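Survey of secondary and tertiary structure
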Number of protein chains: 2
Amino acid sequence: MPVNLPAPTLSSLLPVKGIVLGTTEANIKKPNRKDLLVMQLSPQATVAGVFTQNRFCAAPVIVAREHLASGKNIRALVVNTGNANAGTGEEGLAAARTTCSEVAKLLDCKAEQVLPFSTGVIMEALPLERIVAGLPACVENLSSDHWFDAAHAIMTTDIVAKAVSRQVSLGGVTVTVTGIAKGSGMIHPNMATMLGYIATDAAVTLPLLQQMVKHACDASFNCITVDGDTSTNDSLILIATGASGAPALSDSNHSDFQLLQGTITEVATLLAQAIVRDGEGATKFITVTVEGGESVAECKQIAYAVARSPLVKTAFFASDPNLGRILAAIGYAGISLDVQRLKLYLDDVLVAENGGRAYSYLEEDGQRVMQQGDITVRIVLERGTASGTVWTCDFSYDYVKINASYRS
Amino acid sequence: MPVNLPAPTLSSLLPVKGIVLGTTEANIKKPNRKDLLVMQLSPQATVAGVFTQNRFCAAPVIVAREHLASGKNIRALVVNTGNANAGTGEEGLAAARTTCSEVAKLLDCKAEQVLPFSTGVIMEALPLERIVAGLPACVENLSSDHWFDAAHAIMTTDIVAKAVSRQVSLGGVTVTVTGIAKGSGMIHPNMATMLGYIATDAAVTLPLLQQMVKHACDASFNCITVDGDTSTNDSLILIATGASGAPALSDSNHSDFQLLQGTITEVATLLAQAIVRDGEGATKFITVTVEGGESVAECKQIAYAVARSPLVKTAFFASDPNLGRILAAIGYAGISLDVQRLKLYLDDVLVAENGGRAYSYLEEDGQRVMQQGDITVRIVLERGTASGTVWTCDFSYDYVKINASYRS
């Protein structure tokens with residue numbers, strides 16, 4: 001079950017002026033569930049995105065990149081779950097393009113103004129006919145109040161929908177930021193089997209919006225790992241409709257830009273952490289923080305070595321303070337450390353120093369922390385001033401169960 | 001259960017002239033099991049080794065390296081299971097040194113002529129008193145016929161002992177190569193929670209022996225992964241006693257050198273594969289071969305990305321030909337591939353080409369191969385002539401079970 005992750009409520013999600021959303025049950029993989037989403041954007045909206053670094057990137061990722069690069073203003077997004085349209089060759093590309101042109105017909109725009117997204121099983125043909133058949137119902141369903149349904153329509157193995165809203169005042173005008181995301185397995189930076197959509201009714205020029213989405217992604221989705229697998233379909237999209245009437249942001253030094261960027265990064269971080277809290281089979285949410293490093297890069301490299309070690313993750317699942325496994329993972333992270341100098345803490349409990357177990361360490365203290373749902377592993381290197389954090393979850397029977405039966 | 005891995009038989013293991021072995025039940029972690037081993041070498045034996053790259057290397061690894069570097073001829077090895085003496089700081093180092101000096105007293109040599117090894121749980125103090133108390137029984141038990149007992153005395157979570165013998169004729173003299181190894185989890189190159197000891201009664205000069213052990217290790221233990229975790233204690237030791245009477249090998253271009261090196265590499269490869277076949281929770285033995293690459297390094301990088309992907313490994317556990325997960329792992333391996341050009345085979349079945357599923361591919365063919373205990377994943381890049389192979393196993397409920405309860 002998700003770790004300390006309450007499900008979002010309908011009333012907690014605030015509409016974003018300039019955006020309407022519609023969903024339907026298109027029977028893409030399973031009956032009786034919302035699996036198709038159309039988002040329509042107002043004409044003046046700016047849209048920026050970051051995408052998976054996987055060389056086998058999915059057909060919709062290729063098409064979405066092309067359409068963003070075309071320079072035309074984006075008018076709609078279409079998202080299906082149940083099939084990733086990845087590893088599908090030329091036919092998959094054609095299917096993604098057809099999806100866009102069918103949405104464009106219904107919304108009276110051009111295919112290049114539509115961004116397609118898919119998530120689900122890889123290397124099976126996209127059931128294009130069912131998607132095309134479902135689109136009119138999505139369009140009929142369009143409403144600014146449908147963020148809650150949209151968050152549900154993009155889920156795969158997620159147990160809980162991921163959605164959050166925040167508001168902030170820019171130049172005396174209240175603007176809203178609402179984001180939804182999905183993802184549970186195949187989660188590792190650059191990025192995850194992860195789809196994220198964050199929208200605001202603030203007005204932001206395209207170059208600044210691109211900067212903002214990169215900043216938010218680096219501080220959130222690029223700091224999580226569930227199983228170390230990087231998916232073919234990861235996408236994070238940031239939309240600024242400008243419909244709030246707040247003055248347009250075109251200067252990254254302006255305090256309002258910093259304020260909005262901070263809010264968007266907060267929303268992205270909450271969504272990214274929600275993905276880990278709902279990680280496949282997760283029973284623990286683990287923050288791995290490395291401090292006192294020579295660079296952020298080396299801190300994150302060590303944090304990732306710990307966060308993706310199956311031996312560390314199974315020890316957390318067992319609530320067993322078998323903390324030598326953390327030392328072993330630090331040791332093989334590929335950094336030339338003097339291991340005598342580092343300190344390892346579990347929450348506030350000093351576990352290891354001087355190359356071994358701390359004299360003050362009591363097994364019962366480690367055991368107490370290991371019982372918690374939220375646990376912080378803190379590693380202090382004492383060789384510099386940089387730090388880095390990664391969020392992960394434990395590794396349980398259910399991870400294997402979910403992934404051994406995903407297609408059935 | 002181990003995958004297509006018969007247990008070694010007493011009669012299959014051949015003595016190596018110049019080596020005697022003795023074991024005892026020292027109650028290091030659990031009662032009623034052999035957990036302490038002493039190997040005594042004849043005075044003229046040469047000894048070479050390769051060790052873990054983990055920065056948190058264990059105390060016995062530090063001491064063994066020192067003693068090998070001291071230039072004194074090595075007269076004995078001492079191995080305990082049940083405790084890794086890793087992450088144990090200065091006290092652990094002192095315990096490893098005391099173990100050597102106690103062996104030296106019993107065998108009338110110097111402490112620097114003894115190499116210590118430990119395997120088991122990390123970051124708990126070595127029970128030195130029990131080890132010292134057990135040493136006289138090991139020495140009393142010394143016999144050239146005790147390779148079978150020795151293979152059992154070094155096991156941790158291994159289900160089956162790993163041991164193999166081969167013979168080869170050098171200059172008309174029959175020489176023997178016998179090796180034992182242990183390891184099951186925390187298996188990843190450079191190297192593994194892996195201890196390996198290979199001995200021959202051929203005579204090999206020290207520089208050539210060092211070259212031979214590196215060659216054998218690169219082709220065997222450095223090609224396996226169970227869980228991607230690199231241990232603190234990995235050691236592979238190669239001993240040449242010279243007691244067979246075969247002429248000493250001092251020229252790496254001599255055909256006898258090549259013959260012996262081939263035999264030693266074969267023994268190392270069988271032992272390394274046995275570790276994967278007995279991988280924690282393993283139900284499948286998977287050979288991942290990448291061909292047609294620009295370099296061996298890129299081939300192995302891709303093979304490792306596939307071999308350590310939890311999603312790929314759980315799909316193999318489920319006998320589910322969810323082969324898109326293999327494409328995804330190839331895609332994030334970090335090589336700038338043209339994915340349109342590669343071909344993916346499962347044994348002889350062409351699964352994917354042209355960036356997607358092969359037209360000729362039938363799910364039933366994939367399903368048939370997935371049912372097997374031994375499976376080959378073959379990836380043809382078509383961009384060069386290099387190739388590389390990695391051996392791994394699947395990821396099952398039992399992996400989690402074993403590692404969530406290892407200390408109890």
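Notes on the structure in this doc start here. The structure displayed is predicted, hence computed values, not measured ones.

A tally of helices and strands in chain A yields 11 helices and 16 strands. In summary, chain A has a C-alpha radius of gyration of 22 Å against a globular reference of 22 Å for 408 residues, a match within 12%. For chain A, the spread of C-alpha atoms along the principal axes amounts to about 70 × 50 × 40 Å. Relative to its full complement of 408 residues, chain A shows a buried share of 61%. Partitioning the contacts of chain A with sequence separation of at least 6, the portion at a separation of at least 24 is 81%.

What follows deals with the interface of chain A and chain B. Quoted interface sizes are often the accessible area lost when the parts come together. Taken together, the contacts link 53 residues of chain A with 53 residues of chain B. For the side of chain A that touches chain B, the secondary-structure elements that each account for two or more residues are α2 (89–107), α8 (310–317), α9 (324–331), β14 (356–357) and α11 (397–404) of chain A. A total of seven residues in the side of chain A that touches chain B trace back to one element, the largest contributor, which is α9(A). Residues that form the side of chain A that touches chain B fall into these classes: 24 nonpolar, 21 polar and eight charged.

Looking now at the pairing of strand β3 (residues 46–51) of chain A. All names here are of chain A. Most of β3 sits out of view: six of its six residues are buried. Of the two faces of β3, the one lined by Thr46, Ala48 and Val50 and the one lined by Val47, Gly49 and Phe51 are each fully buried. Inspection of the sheet shows β3 paired to strand β10 (residues 235–240) by six bridges, in the antiparallel sense. Paired with alanine 48 across the bridge in β10 is leucine 238.

Residues and elements named next belong to chain A. Here helix α1 (residues 59–69) has its buried residues at Ala59, Pro60, Val61, Val63, Ala64 and His67. Each element contacted by the buried residues of α1 is listed here: β3, α2, β5 (114–121) and β10. Immediately beyond the C-terminal end of α1, within one or two residues, lies glycine 71, with a positive phi of roughly 85°.

All names here are of chain A. Packing of helix α7 (residues 296–307) against α9 brings their axes to within 8 Å, and their N-to-C directions diverge by 135°. Classified by the angle their axes make, α7 and α9 are oblique. The chirality of how α7 crosses α9 is right-handed. Taken together, the residues of α9 that come into contact with α7 (itself represented by Ile302, Ala305 and Val306) are Ile326, Ala329 and Ile330.

Its rotation angle being 180°, the transformation that places chain A on chain B also includes 0.0 Å of axial translation and leaves an RMSD of 0.0 Å. In the structure described here, the two chain copies are related by an operation that fits a two-fold rotation axis. Scanning chain A for the C-alpha nearest the rotation axis identifies A:Tyr397, at a separation of 2.8 Å. The overlap is high: 100% of the interface residues of chain A also sit at the interface in chain B, so the same surface is used on both sides.

Here we come to helix α5 (residues 206–218) of chain A. Residues and elements named next belong to chain A. The first and last C-alpha atoms of α5 sit 18 Å apart over 13 residues, in line with the 18 Å expected at 1.5 Å per residue. All of the buried residues in α5 are Leu208, Leu209, Met212, Val213, Ala216 and Cys217. Buried positions in α5, seen along its axis, are confined to an arc of 165° and lie on one side of it. In this fold, the buried residues of α5 make contact with β3, β10 and α6 (255–277).

Of all hydrophobic cores here, the largest spans 276 residues; its most connected members are A:Val306 and B:Val306. Those residues within four positions of B:Val306 in sequence are excluded, and the remaining contacts are B:Val288, B:Val312, B:Ile326, B:Ala329, B:Ile330 and B:Val377.

Right, let's talk about the sheet that holds strand β13 (residues 349–353) of chain A for a bit. Residue and element names in this part refer to chain A. Taking strand neighbours across the sheet as the criterion, the seven strands line up as β9-β16-β11-β15-β12-β13-β14 in an open arrangement whose pairing is mixed. The strands lining the two open edges of the sheet, one partner per strand, are β9 (224–225) and β14. The pairing of strand β11 (residues 285–293) with strand β16 (residues 386–393) spans eight bridges and is antiparallel. Within β16, the residue paired with threonine 289 across the bridge is threonine 389. Each of β12 (343–346), β13 and β15 (374–380) is contacted by helix α10 (residues 363–370), which is oriented at about 120° to β13, the strand it contacts most.

Residue and element names in this part refer to chain B. Judged by pairing direction, the sheet is mixed, and its five strands sit side by side in the order β3-β10-β8-β7-β6 without closing on themselves. Among the strands making up the open sheet, the edge pair consists of β3 (46–51) and β6 (162–170). Strand after strand, the sheet turns through a mean of 15° between neighbouring axes, direction not considered. Taken together, the six bridges between strand β8 (residues 195–200) and strand β10 (residues 235–240) define a ladder with parallel strand orientation. Within the sheet, the bridge partner assigned to isoleucine 198 lies in β10 and is leucine 238.

Conventions we followed
- Residues numbered from 1 in each chain as written.
- Chains lettered and ligands numbered in written order.
- Predicted model: local features only at pLDDT ≥ 70, side-chain atom pairs only at ≥ 80, totals over all residues.
- Helix = DSSP H or I, 4+ residues; strand = E, 2+ residues; numbered from the N terminus.
- Rg over C-alpha atoms; globule rule 2.2 N^0.38 Å.
- Buried ≥ 20, exposed ≤ 12 C-beta atoms within 10 Å, placed from the backbone.
- Contact = placed C-beta atoms within 7 Å.
- Nonpolar A, V, L, I, M, F, W, Y, C, P; charged D, E, K, R; others polar.
- Pairing = 2+ DSSP bridges.
- Axes fitted to C-alpha atoms, helices over the stretch in contact; angles between N-to-C directions.
- Parallel < 35°, antiparallel > 145°, perpendicular 65-115°, else oblique.
- Left-handed = near helix turned anticlockwise from the far one by under 90°.
- Least-squares fit on C-alpha atoms with pLDDT ≥ 70 in both.
- Expected span 1.5 Å × (residues − 1).
- Arc of directions from axis to C-beta.
- Core = buried A, V, L, I, M, F, W, Y, C linked by C-beta atoms within 7 Å.

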